[in-house]
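Overview (structure and organization)
The primary structure of each chain is shown beneath.
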Amino acid sequence: MEISLKNQVALITGSSSGIGAGIAQSMAEAGATVVINYPSPGSEAKATDILKGITDKGGNGIISQCDVSKENEVLRMFQDVVSQLGTVDILVNNAGIQKDSKFTEMTLDQWNAVINVNLTGQFLCAREAIKEFLRRGIDPSRSVACGKIIHISSVHEIIPWAGHANYASSKGAIRMLMQTLAQEHGADKIRVNSICPGAIQTPINTNAWDSEKSLEALLQLIPYNRIGQPADIGNLAVFLASDMADYITGASIFIDGGMTTFESFSTGG
Ligand code: BGC
């Protein structure tokens with residue numbers, strides 16, 4: 001069976017940069033029509049650039065502004081996408097932020113900002129996507145499943161992270177959201193999974209790779225000894241969204257060069 005997303009619409013939140021952009025590129029190469037979502041008018045130019053890169057290579061897509069933490073904006077985005085492209089087949093719940101702070105200094109605003117985007121945003125988009133999947137029903141010319149949701153979680157779904165309590169909490173919670181949706185909508189033939197990336201070279205973690213010293217420290221945590229690239233995540237997202245992965249639901253898949261093997265134990269413990 002060929003890995004193909006032909007005839008399918010994939011909405012990727014936060015896809016004007018980083019991992020989201022990589023997933024959009026990979027999904028477009030696999031034949032999906034992609035929706036490049038960006039959070040605010042200020043990032044429209046970046047979204048347009050990503051889309052241009054895709055259409056230059058023969059892919060199709062549109063851009064759509066929406067702050068995923070705002071219910072009215074999420075409703076509007078889904079209405080727009082369905083009216084322009086007919087439906088949504090694949091949701092990649094990718095938009096995410098970090099607001100790092102020592103725990104005792106973390107403000108409520110820092111806590112709320114991260115939970116609102118990383119967790120509430122994934123809830124709002126998943127809800128609208130599932131409503132749309134159920135409205136459309138299964139269409140075998142698109143996929144054997146009624147719809148697919150991929151949550152972008154993190155290795156910090158299971159690795160505690162000092163100085164990042166808000167972020168790690170949001171990612172831990174995504175696991176329960178994902179598994180509950182997989183359980184609640186399995187009989188509807190909706191597949192729900194998480195991708196849990198390790199260190200991927202993107203703007204969110206610039207300080208972990210932009211100097212030789214920090215990159216060296218980072219590589220101490222990665223048995224495979226390289227930083228990940230957005231295309232690594234894109235490849236997995238294409239597979240998970242495709243019918244090749246039709247029996248995979250309710251799973252968190254770690255893609256981290258071995259980070260979750262806890263490399264520091266190779267010489268200790
Ligand atoms: C974070 C990155 C970090 C990586 C590994 C990701 O979820 O967003 O900042 O480099 O986890 O710790």
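Right, let's walk through the structure included here.

Definitions and limits used
Residues numbered from 1 in each chain as written. Predicted model: local features only at pLDDT ≥ 70, side-chain atom pairs only at ≥ 80, totals over all residues. Heavy atoms only, no water. Pairing = 2+ DSSP bridges. Helix = DSSP H or I, 4+ residues; strand = E, 2+ residues; numbered from the N terminus. Axes fitted to C-alpha atoms, helices over the stretch in contact; angles between N-to-C directions. Contact = heavy atoms within 4.5 Å. Near = heavy atom within 4 Å. Polar contact = N/O pair within 3.5 Å; in protein donor to acceptor, adjacent residues only side chain to side chain. Areas by Shrake-Rupley, 256 points an atom, 1.4 Å probe, with all protein chains shown as cover. 1 Å grid on protein atoms, 1.4 Å probe; cavity = no way out; pocket = protein on both sides within 12 Å on 5 of 7 lines; lining within 4 Å. Sits in = over half its atoms within 2 Å of the grid points. Nonpolar A, V, L, I, M, F, W, Y, C, P; charged D, E, K, R; others polar. Buried < 20%, exposed > 50% of the residue type's maximum accessible area, 1.4 Å probe, protein only. Right-handed = clockwise from strand over helix to strand, strands pointing away.

1. Observations regarding the sheet that holds strand β5 (residues 147-152)
Whether parallel or antiparallel, the strands of a sheet pair through hydrogen bonds between backbone atoms. Reading across from one edge, β3-β2-β1-β4-β5-β6-β7 is the order of the seven strands in this open sheet, with parallel pairing throughout. Looking along the sheet, the strands with just one partner apiece sit at the ends: β3 (60-65) and β7 (252-255). Across this sheet, the average inter-strand angle for adjacent strands is 20°, counted without regard to direction. With six bridges connecting them, β5 and strand β6 (residues 190-197) associate as parallel partners. In the strand pairing of β6, G147 is matched with I190. Together, β5, β6 and β7 form the strand contacts of helix α5 (residues 165-185), whose direction differs from that of β6 by roughly 160°.

2. Side note on the site of the ligand
The immediate surroundings of the ligand are formed by Q98, S154, H156, W161, Y167, G198, A199, I204, N205 and M259. At a separation of 2.7 Å, an oxygen atom of the ligand approaches a polar side-chain atom of S154. Contact distances for the ligand include 2.6 Å between an oxygen atom and a side-chain N or O atom of Y167. Look at the ligand: alone it shows 310 Å² of surface, and the protein chains cover 90% of it. Structurally, the ligand is housed in the largest pocket. Here the shell around the ligand is composed, by residue class, of five nonpolar, five polar and no charged.

3. A short note on the pairing of strand β4 (residues 90-93)
Of the two faces of β4, both are covered, the one formed by I90 and V92 as well as the one formed by L91 and N93. Strand direction decides the pairing type here: strand β1 (residues 9-12) and β4, joined by three bridges, are parallel. Considered in β4, the bridge of L11 is made with L91. Taken together, β4, helix α4 (residues 108-136) and β5 constitute a β-α-β crossover, and its handedness is right-handed.

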